[in-house]
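Next come the chains, spelled out residue by residue.
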Amino acid sequence: MGKLALFGSLLLICTVCQRAFGFTDGLLPNGNFEKGPLPSELKGTQVMSPTGIPSWQISGFVEYIPSGKKQGDMLLVVPEGSYAVRLGNEASIKQRLSVTRGMRYSISFSAARTCAQSEQINVTASRQSGFLPMQTLYSSSGWDSYAWAWLATSDDEEVVIHNPGVSDDPACGPLIDSVAIKALNSPRRTNKNLIKNGDFEEGPFILPNTSWGVLVPPHVEDDHSPLSGWMVDSLKAVRYIDSPHFSVPQGQYAIELLAGRESSISQVIRTVPNRSYVLSFSVGDASNACKGSLMIEAYAGKESAKVAYESNGTGGAKKGLLPFHATADHTRIMFYSSYYNMRSDDLSSLCGPVLDNVLVVSVRSLSGRRVGG
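The residue numbers shown here count from 1 along each chain, following its written sequence. Per-residue local features of the predicted model are confined to residues with pLDDT of at least 70, and side-chain atom pairs are confined, for both listing and counting, to 80 or more; whole-chain, interface and lining totals are unaffected and use all residues. Side-chain figures throughout are based on the complete set of non-hydrogen atoms in the structure, without hydrogens or water.

A word on the side chain of Glu 297. For Glu 297, the position within the fold is in strand β21 (residues 291-300). Each residue's exposure class comes from its accessible area (1.4 Å probe, protein chains only) as a fraction of the maximum for that residue type: buried when under 20%, exposed when over 50%, partly exposed otherwise. You can call Glu 297 buried: its relative accessible area is 3%. Here a polar contact is recorded for every N or O atom pair within 3.5 Å, except that within protein the pair must consist of a potential hydrogen donor and a potential acceptor, and residues adjacent in sequence are included only if both atoms are side-chain atoms. A polar side-chain atom of Glu 297 sits 2.8 Å from a polar atom in the side chain of Ser 338. Note on definitions: a residue-residue contact is assigned when non-hydrogen atoms from the two residues lie within 4.5 Å. Setting aside residues no more than four positions away along its own chain, Glu 297 makes contact with Arg 261, Ala 305, Lys 306, Met 334, Phe 335, Tyr 336 and Ser 338. Starting at the N terminus, helices and strands are each numbered in turn, a helix being any DSSP run of H or I of at least four residues and a strand any DSSP run of E of at least two.

The subject of this paragraph is the nonpolar core. Counting 39 residues, the largest nonpolar core has Phe 33, Ile 93, Phe 109, Trp 150, Ile 161, Ile 176 and Val 179 as its most contacted members. Among the secondary structure elements, those contributing two or more residues to this core are β5 (62-66), β8 (83-87), β9 (92-98), β10 (104-112), β11 (120-125), β13 (143-151), β14 (156-162) and β15 (175-184). Beyond its immediate sequence surroundings of up to four residues, Ile 176 is in contact with Phe 33, Ala 84, Val 85, Leu 87, Ile 93, Phe 109, Ser 110, Ala 111, Ile 121, Trp 143 and Ile 161. Working definition of a nonpolar core: buried Ala, Val, Leu, Ile, Met, Phe, Trp, Tyr and Cys residues. They are joined through side-chain atoms within 4.5 Å. Residues Tyr 240, Ile 255, Ala 300 and Val 307 belong to the second largest nonpolar core, which totals 38 residues.

Right, let's get into the sheet that holds β9. A pair of strands counts as paired when DSSP detects no fewer than two bridges linking them. A sheet is described by the order of its strands in space; here 5 strands give the open sequence β4-β9-β14-β11-β12, paired in antiparallel fashion. Of all strands in the sheet, those with a lone pairing partner are β4 (57-59) and β12 (128-133), marking the two edges. Going across the sheet, the axis of each strand differs from the next one's by a mean of 20 degrees, ignoring polarity. Across 7 bridges, β9 lies against β14 in antiparallel orientation. Across the sheet, the residue bridging to Lys 94 is Val 160, located in β14. Lines fitted to C-alpha atoms define the axes here, with helix axes fitted over just the stretch in contact, and angles between the N-to-C directions of these axes take values from 0 to 180 degrees.

Below, the structure is given as structure tokens:
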């Protein structure tokens, strides 16, 4: 084979591999909106052309917002770069993506409220959609990052971010910035761990220039959850955190349970009735000034354990154990935080215990094992 033919074959293989293994991971084209409309396509801050923002199509009242713009007494701050977009009444932005049919993908983006407390965002892809509530602010900056996942049903799909709200002020709506995508692998159970993705290493893309992690929204199912294998079956979100910005017990990623009993995750595992098992997990703090008494409550079917952790807000972790007998061929494993906690450095940001290293193994006997770590 000649050098040119060999190079062509390698290029084809690389292209196929990139499509199969997530070459799209990271910001979408112009996902940070730093490329803006031409002056002729703007009326003040309102974008007048459907294609005025490069790589995006828009509809409705969409504004191109520079960082530091004032809105009444409010200063609009952009978390990354110099520009963001604001979605007014029934406004949307969309982009067509090349993906791989049959794979799951997660989209992450940063958002901030600018008007109404009840603002929410609707994300759609492959005829699947989800509403991301913004009533609760989890960071003192006013910006949070959100994740949503879907299953690709074709190789060419359109992702839409939409503001379904209608206000007396047509410009009223959320600011959007830093839109990114990540291909999600499907974790599997093994004979060493009946929990899928127990180390939380498979999750949504975390924007490297943000320091507040990514919120996995409430009421997401495990089939298309951005937190592979897990369900967020609570009223509030959980936060996916990374080791560059937080203290993580092991590996690169973990979960922070933010809102007491309103913030929980669960997974249903296969078990054998009357067989004995042990659930183990790590409990700690994220080194984000979340000081005081933290506690995670763990459930395995009808059995439970409380694991307390006294936090100095500077990181650390301990191990929790919950032995249990299976009573059915499926058992729900669930975790939530016992308390509501606020960061001690701003007294306004919700925080909570970190969960990591979730493991379920079958054992011959439960004698001598300790609940609560």
